[in-house]
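Structural description and commentary
Each chain is listed here by its residues.
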Amino acid sequence: QHAKLVVDKAFELSPVSDRLFGSFVEHLGRCVYSGIYEPGHPTADADGFRQDVIDLVKELGVTTVRYPGGNFVSGYRWEDGVGPADKRPNRLDLAWHSTETNQFGLHEMAKWLEKTGGNELMEAVNLGTRGLEEALDLLEYANVPSGTKLSEARRANGADKPFNIRMWCLGNEMDGPWQLGHKNADDYGKLAASVAAGMRQMDPDLELVVCGSSSHSMETFGQWEETVLDHTYDNVDFVSCHAYYQPENGDMASFLASGVDMDGFISDVYSAIEAVRSRRKSNHKVYISFDEWNVWYQGCEASRSPEGIDNWPQAPHLLEDVYSAADAVVVGDLLITLLRNVDKVKSASLAQLVNVIAPIMTEPGGSAWRQTTFYPFALTAKYAHGAVALQPKLESDATATKKFGDVDMVNAVAVTQSDGSVTVFASNRSLQTSAHFEIDLPEDTDLKRIDVQTLHEDDIYAANTKDEQNRVTLHRNDSVKVEGRHTLSVDLPAVSWTAIHIG
Ligand code: AHR
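On a predicted model such as this, the values are computed, not experimentally measured, just so you know.

1. Considerations on the overall build of the protein chain
Counting its regular elements, the protein chain contains 10 helices and 26 strands. The C-alpha radius of gyration of the protein chain comes to 22 Å, within 12% of the 23 Å expected for a compact globule of 503 residues. Dimensions of the protein chain along its principal axes, counting C-alpha atoms only, are 70 × 60 × 45 Å. Nonlocal contacts in the protein chain, meaning residues at least 24 apart in sequence, comprise 77% of its contacts between residues at least 6 apart.

What follows is the structure, given as structure tokens:
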């Protein structure tokens with residue numbers, strides 16, 4: 001089987017937004033507690049942050065971090081998480097049926113982000129149980145320099161300078177019936193419009209994300225986007241997309257082609273944005289924030305929340321999916337899909353960062369390790385952060401799927417950096433067949449330095465675990481051949497993800 005990509009630097013798609021390599025830290029299970037924050041852990045610093053996790057977060061190349069939820073935010077009172085730690089209350093977290101101790105809050109997050117290399121905070125406000133007033137309070141607390149009740153409270157709590165948070169999510173998944181304070185599109189659109197306008201009265205240049213659909217398959221999908229954007233269009237900058245994929249009824253072939261759904265989702269949402277924009281004759285541009293995406297085995301036991309009026313555990317083991325080599329190939333393919341759409345997607349967050357459907361896992365009191373999905377994310381961030389994505393000129397043989405029909409067997413995209421280097425990312429979605437992949441490069445490309453890394457395992461279910469932490473990693477792909485003055489070929493094994501770096 002065969003595929004060919006033509007790399008032409010004259011055909012730029014768009015610069016890759018710094019925010020494309022975002023992640024997500026929710027107060028959920030062990031993402032925060034015993035994930036990033038564990039006072040008493042052998043590697044914990046004076047603030048209780050695990051240094052082993054900080055090191056892995058840096059290696060992962062994460063840029064923005066969305067916080068504090070997720071479903072959690074729809075019942076969250078941000079004030080509980082600031083001030084002296086011994087005065088912070090325990091609260092019920094209704095989203096995940098847990099006890100929130102509030103030992104970690106906004107100040108801790110801001111401090112942690114400084115230690116991970118200055119990542120940008122993307123803060124969500126609660127539009128489930130709360131509304132305009134509480135959103136304004138949080139904004140005053142976070143962004144007003146001094147001289148008012150809440151800005152002075154922040155200073156008294158140890159943050160002299162404002163947090164200056166630029167990007168804000170107006171609630172989370174408000175279209176989902178599971179969401180605390182779930183609303184219909186009209187009610188949510190009106191609320192989001194008034195919150196957006198109010199927040200801008202305080203800080204006009206904020207970048208605001210309005211909730212789109214929780215998945216492409218929501219019954220209200222499409223209509224939801226149009227109604228919400230009709231209310232909010234000129235006051236928001238992004239509409240969110242969320243998508244989680246898993247094999248359905250063991251259908252691995254369709255699962256490997258999940259990028260086809262993500263691609264369609266992006267183009268459908270962008271059409272809705274453009275439809276509203278043209279109807280309103282607006283010059284204002286709204287983009288997509290794909291602020292939750294990943295593989296998630298939602299139906300599995302690990303995803304079930306605790307139950308019972310007397311059972312609200314602290315930081316329980318929740319959503320601790322163990323990812324396989326095949327899952328990593330899908331994550332790599334989804335990253336390629338995001339890169340192919342960087343003209344429409346200006347922000348994205350892998351959900352989530354640590355322990356909860358995460359690339360990084362930890363043992364309480366013990367070690368931290370990389371899941372299989374860590375590798376495609378880290379290498380894509382390394383080569384594509386700061387790059388320009390090129391228009392994908394790809395021809396590929398097809399592979400058959402039940403869900404999407406015949407799809408391109410090879411999915412690929414090229415990016416170029418200002419130093420002239422080119423990186424091609426490619427996935428082979430076929431379950432059985434390897435692909436001969438040809439890359440036609442610009443004539444002036446120096447083919448002397450080529451590095452090809454592939455993630456592939458003959459056992460596609462192989463995974464990294466506490467006891468075998470490095471079972472699945474990247475391997476150098478030695479099949480690369482220079483075929484002509486500016487043509488390369490690489491063999492892409494079945495179920496594989498590859499990065500080809502030239503320069
Ligand atoms: O990331 C896990 C959950 O998935 C989030 O809390 C929610 O927004 C989504 O449904």
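That was the structure; now back to the text.
2. Considering the sheet that holds strand E24 (residues 481–484)
The 5 strands are arranged E16-E1-E21-E25-E24 in an open sheet whose pairing can be described as mixed. In the strand order of this sheet, the two ends are held by strand E16 (393–396) and E24, each with one partner. Taken pair by pair, the neighbouring strands of this sheet meet at an average axis angle of 25°, ignoring direction. Inspection of the sheet shows E24 paired to strand E25 (residues 487–492) by 3 bridges, in the antiparallel sense. Within the sheet, the bridge partner assigned to Gly484 lies in E25 and is Thr487.

3. Overview of the UniProt feature "domain: Alpha-L-arabinofuranosidase C-terminal" (unreviewed entry) in the protein chain
Within this structure's numbering, the places UniProt gives as "domain: Alpha-L-arabinofuranosidase C-terminal" (unreviewed entry) are residues 291–496. Segment residues 291–496 splits into 13% helix and 35% strand. End C-alpha atoms: 25 Å apart.

4. Re the pairing of strand E22 (residues 450–455)
Summarising the sheet, E22 and strand E26 (residues 496–502) pair through 6 bridges and their orientation is antiparallel. If you follow Val452 over to E26, its bridge partner there is Ile500. Pairing between E22 and strand E23 (residues 475–476): 2 bridges, direction antiparallel. When the bridges of E23 are listed, Gln453 appears paired with Arg476.

5. Quick notes on the domain arrangement of the protein chain
Here the domain parsing of the protein chain yields domain 1 (17–386) and domain 2 (393–502). Spacing between the C-alpha centres of domain 1 and domain 2 amounts to 30 Å. At the junction of the two partners, domain 1 supplies 34 residues and domain 2 supplies 36 residues. Only helix H7 (252–256), helix H8 (258–280), helix H9 (325–339), strand E14 (368–370) and helix H10 (374–384) provide two or more residues apiece to the side of domain 1 that touches domain 2. Across the side of domain 1 that touches domain 2, the residue classes break down as 20 nonpolar, 9 polar and 5 charged.

6. Brief notes about the sheet that holds E26
Pairing is antiparallel across the open sheet formed by 7 strands, whose spatial order is E2-E15-E19-E20-E26-E22-E23. Each having just a single partner strand, strand E2 (12–15) and E23 make up the two edges of the open sheet. One ladder, built from 2 bridges, connects strand E15 (residues 388–390) with strand E19 (residues 410–416); its direction is antiparallel. Bridging across to E19, Val388 finds its partner in Thr416.

7. A look at the confidence of the model for the protein chain
Chain-level statistics for the protein chain give a pLDDT mean of 97 and a share of 100% at 70 or above. Confidence metrics for the complex model read pTM 0.97 and ipTM 0.99.

8. What about the nonpolar core?
Within the largest apolar cluster, 157 residues are counted, with the highest numbers of intra-cluster contacts made by Leu170, Ala192, Ile288, Leu339, Ile360, Val415 and Val424. In terms of residues, this core owes the most to one element, H9, which gives 11 residues. Looking at which domains feed residues into this core, each of domain 1 (17–386) and domain 2 (393–502) gives three or more. With near-sequence residues (within four places) excluded, Ile288 lies in contact with Phe238, Val239, Cys241, Ile266, Val269, Tyr270, Lys344 and Val345.

9. Comments concerning helix H3 (residues 132–143)
Spanning 12 residues, H3 covers 16 Å between terminal C-alpha atoms, matching the ideal 16 Å at 1.5 Å per step. Turning to H3, its buried residues number three or more, namely Ala135, Leu138, Leu139, Tyr141, Ala142 and Asn143. Taken end-on, H3 shows its buried residues confined to a sector of 165°, consistent with a single buried face.

What counts and what doesn't
- Residues numbered from 1 in each chain as written.
- Predicted model: local features only at pLDDT ≥ 70, side-chain atom pairs only at ≥ 80, totals over all residues.
- Helix = DSSP H or I, 4+ residues; strand = E, 2+ residues; numbered from the N terminus.
- Rg over C-alpha atoms; globule rule 2.2 N^0.38 Å.
- Contact = placed C-beta atoms within 7 Å.
- Pairing = 2+ DSSP bridges.
- Axes fitted to C-alpha atoms, helices over the stretch in contact; angles between N-to-C directions.
- UniProt positions renumbered as here; feature names shortened; annotations may be inferred.
- Domains from an automatic or database assignment.
- Nonpolar A, V, L, I, M, F, W, Y, C, P; charged D, E, K, R; others polar.
- pLDDT = per-residue confidence, 0-100.
- Core = buried A, V, L, I, M, F, W, Y, C linked by C-beta atoms within 7 Å.
- Buried ≥ 20, exposed ≤ 12 C-beta atoms within 10 Å, placed from the backbone.
- Expected span 1.5 Å × (residues − 1).
- Arc of directions from axis to C-beta.

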